[in-house]
Amino acid sequence: MQNKRMNLRLFEEDVNIIDRTGAETLIPTQESNEIIQGTIAQSAVLSRGRKLANMTSRQYKMPVLDMLPIAYFVNGDTGQKKTTKQAWDKKFITAEEIAVIVPIPEAVLDDSEYDIWGEVKPRVTEAFGKVIDSAVLFGENKPNTWREDVVTTATKAGAVVTLGATDSLYDKIMAEDGVIAHIEDCGYFVNGHMADISMRAKLRGLKNANGDPLFKQDLQGTTQYALDGSPMNFPNNGAFDKSKALMISGDFSQLVYSIRQDITFKLFSEGVVQNTDGTIAYNLMQNDMVALRAVMRLGWEIPNPINALKTDKNKRCPFAVLKAGAVLKTGE
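Residues numbered from 1 in each chain as written. Predicted model: local features only at pLDDT ≥ 70, side-chain atom pairs only at ≥ 80, totals over all residues. Heavy atoms only, no water.

Some thoughts on the side chain of Glu 96
Cut-off, in case you're wondering: Working definition: helices are DSSP H or I runs of at least four residues, strands are E runs of at least two. Numbering for both runs from the N terminus. Here a polar contact means two N or O atoms within 3.5 Å. Within protein one must be a hydrogen donor candidate and the other an acceptor candidate, and residues neighboring in sequence count only if both atoms are side-chain atoms. Note on definitions: a residue-residue contact is assigned when non-hydrogen atoms from the two residues lie within 4.5 Å.
Considering the arrangement of structural elements, one finds Glu 96 in strand S4 (residues 96–105). Looking at Glu 96, its side chain comes within polar contact range of the side chain of Arg 58, at 2.9 Å. A polar atom in the side chain of Glu 96 sits 2.4 Å from the side chain of Thr 145. Excluding anything up to four places from it in sequence, Glu 96 contacts Arg 58, Pro 143, Thr 145, Trp 146, Met 296, Arg 297 and Leu 298.

Some points on the nonpolar core
In plain terms, the rule: Here, nonpolar core means buried Ala, Val, Leu, Ile, Met, Phe, Trp, Tyr and Cys residues that are tied together by side-chain atoms lying within 4.5 Å of each other. Each residue's exposure class comes from its accessible area (1.4 Å probe, protein chains only) as a fraction of the maximum for that residue type: buried when under 20%, exposed when over 50%, partly exposed otherwise.
The biggest cluster of nonpolar side chains holds 62 residues, and the ones touching the most others in it are Val 150, Ile 173, Met 199, Leu 203, Ile 248 and Leu 322. With 10 residues, helix H4 (residues 116–138) is the largest single contributor of residues to this core. By size, the runner-up hydrophobic cluster in this structure holds seven residues, among which are Met 55, Met 62, Val 64 and Val 256.

Notes on the confidence of the model for the protein chain
What counts is decided by this rule: Each residue carries a pLDDT score, the predictor's own confidence in it, on a scale running from 0 to 100.
On average, residues of the protein chain score 83 in pLDDT, and 82% of them are at 70 or above. Mean pLDDT across the secondary structure elements of the protein chain bottoms out at helix H1 (residues 2–13), with 51, and peaks at strand S9 (residues 247–250), with 97. Below pLDDT 50 for its whole length, residues 36–40 participates in seven contacts with residues either more than four positions away or in separate chains.

A few points about the pairing of strand S6 (residues 192–195)
What counts, and what does not: At least two DSSP bridges between two strands are needed for those strands to be called paired.
Alternating positions in S6 separate into two faces, Gly 192 and Met 194 on one and His 193 and Ala 195 on the other, with burial throughout. Sheet topology places S6 next to strand S8 (residues 230–233); two bridges connect them, and they run parallel. In the sheet register, His 193 faces S8, and the bridge partner there is Met 232.

Things to note about empty space enclosed by the protein
Cut-off, in case you're wondering: Space inside and on the surface of the protein is sampled on a 1 Å grid over the protein atoms alone, with a cavity defined as a set of points where a 1.4 Å probe fits but cannot get out and a pocket as an open set with protein on both sides within 12 Å along at least 5 of 7 lines; lining residues have an atom within 4 Å of a point. Grid points are joined across faces, edges and corners, and a volume is the space filled by probe spheres set on the points. Residues are grouped as follows: nonpolar covers Ala, Val, Leu, Ile, Met, Phe, Trp, Tyr, Cys and Pro; charged covers Asp, Glu, Lys and Arg; every other residue, Gly included, is treated as polar.
Inspection of every chain in the model, using the stated rule, returns one cavity of 30 Å³ or more. Taken together, Val 45, Leu 46, Ile 132, Val 136, Trp 146, Leu 255, Tyr 257, Leu 298, Gly 299 and Trp 300 form the lining of the largest cavity. Sorting the residues of the lining of the largest cavity by element identifies helix H2 (44–48), H4 and strand S13 (289–301) as the ones contributing at least two each. If one sorts the elements of the lining of the largest cavity by residue count, S13 sits on top with three residues. A class-by-class count of the residues in the lining of the largest cavity yields nine nonpolar, one polar and no charged.

Brief notes about the layout of surface pockets
Picture a little ball the size of a water molecule; that probe, rolled over the atoms, points out where space is still empty. Roughly 370 Å³ of volume is contained in the largest pocket. If you go around the largest pocket, you meet 21 residues; those closest to its centre are Lys 91, Arg 147, Thr 153, Asn 304 and Lys 313. Elements with a contribution of two residues or more to the lining of the largest pocket: strand S2 (59–67), strand S3 (87–94) and helix H5 (150–156). Residues that form the lining of the largest pocket fall into these classes: nine nonpolar, four polar and eight charged.

Section: the pattern of salt bridges
Cut-off, in case you're wondering: Criterion for a salt bridge: a side-chain nitrogen of Lys or Arg within 4 Å of a carboxyl oxygen of Asp or Glu.
Per the stated rule, a full pass over the model turns up six salt bridges. Between Arg 58 and Glu 96 there is a salt bridge whose closest N-O contact spans 2.9 Å. Here Arg 58, found in the loop between strand S1 (50–51) and S2, pairs with Glu 96, found in strand S4; they are 38 residues apart in sequence, far enough to count as distant. Residue classification places Arg 58 among the partly exposed residues on the basis of a relative accessible area of 42%. With its nearest N and O atoms 3.9 Å apart, the salt bridge here joins Lys 172 to Asp 167. Judged by its relative accessible area of 24%, Lys 172 falls in the partly exposed class. The exposure class of Asp 167 is partly exposed, given its relative accessible area of 34%.

Right, dumping it as C-alpha cells:
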C-alpha cells in the first residue's frame with residue numbers, strides 16, 4: 001500500500017501540460033490592418049458658404065447691386081413724374097493657390113504594411129480646410145489679393161458683441177442688441193452660426209429662473225445645436241480662434257467662393273525639394289525618395305448688396321461676432 005501511494009505521488013508530480021506560456025511563440029497575434037484616426041475635419045467655410053460656378057481664369061468678376069431705384073407719388077392729375085436709376089458695382093474674386101509637398105523614402109513605403117498615401121491624403125485635405133477657414137474667418141496668413149476676413153469686416157461695421165464675465169449669454173445672442181439683431185438691422189436674416197467648441201458647454205449651461213435648462217429640455221435625446229432655428233457648426237480642424245471670436249453668426253449665402261482648381265494629388269519620383277532659403281533639402285532620385293504634391297486654387301468674397309434697410313455699405317454687414325471680454329484679475 002505504501003508503494004502504491006508513493007507511485008501515485010510521483011505520478012502527480014510528473015503531470016505536465018502545454019500551457020500558454022510554453023506555446024506563446026506559436027500563437028499568432030492578431031494585428032489591426034487599419035490605423036484608427038480621428039474625424040477628418042473638412043472646411044467649415046466651404047461647407048457653410050455658397051459655391052459659385054467654377055472659375056475659368058484667375059479672376060471672377062461679380063456684379064453687385066449698389067443703388068436702388070426710388071418711386072415717387074405724383075402730385076395731382078397733371079403732376080410731373082420723376083426719374084430714378086439703379087446701379088451695380090463689381091467685385092472680383094481672385095484665385096490663390098494652396099499647396100504642400102509630402103516627401104517620403106521609397107524604402108519606408110516598401111517596408112510599410114499600411115497604405116501610407118491612403119492615410120496621408122485625408123490629413124492633407126484636412127490641412128487645406130484649416131488654412132482656408134483660418135484665412136477667411138480670421139485673416140490668418142491670407143493672400144494679399146484676398147479681401148478682409150469675416151471678423152475684421154464685422155468689426156469695422158460695428159457688428160461685434162462682447163460677452164463679459166457677468167453678462168447673460170442669452171441676451172448677448174438673442175436680445176435687442178444681441179448678435180442676431182445686428183445682422184437683422186443690416187437687412188439680413190441669420191441662417192447659420194460657427195462657434196468655438198467651448199460654446200457647446202456655455203449653451204448647455206443656460207438656465208431659466210427655475211433652474212431648468214433653456215437650450216435642451218430632453219436630457220435623454222440627441223442634442224441638435226441650433227440658435228433661433230439656425231444650425232450651428234463647431235469647426236474642429238483647429239482653425240477657429242476663440243481669442244478673436246466665440247461665435248460668428250450671419251447670412252452665409254453672402255459668403256461666396258469659387259474654385260479654380262480642386263485638390264489634385266501628383267506623385268513625383270524625380271526632382272529636388274528646396275528649403276525656403278533656397279538650399280536643397282532632398283534630391284528625390286539621389287535620395288531614393290518620392291514626393292506627393294497637393295495643390296488647390298480658390299477665391300472668395302462677400303457680395304453684400306445694398307438693401308432698403310441699410311444703404312450705407314460701410315455699416316452694412318451680413319455677419320456679426322460674439323467675442324469674450326477681458327478676464328478680470330483677482331481683486332478687480
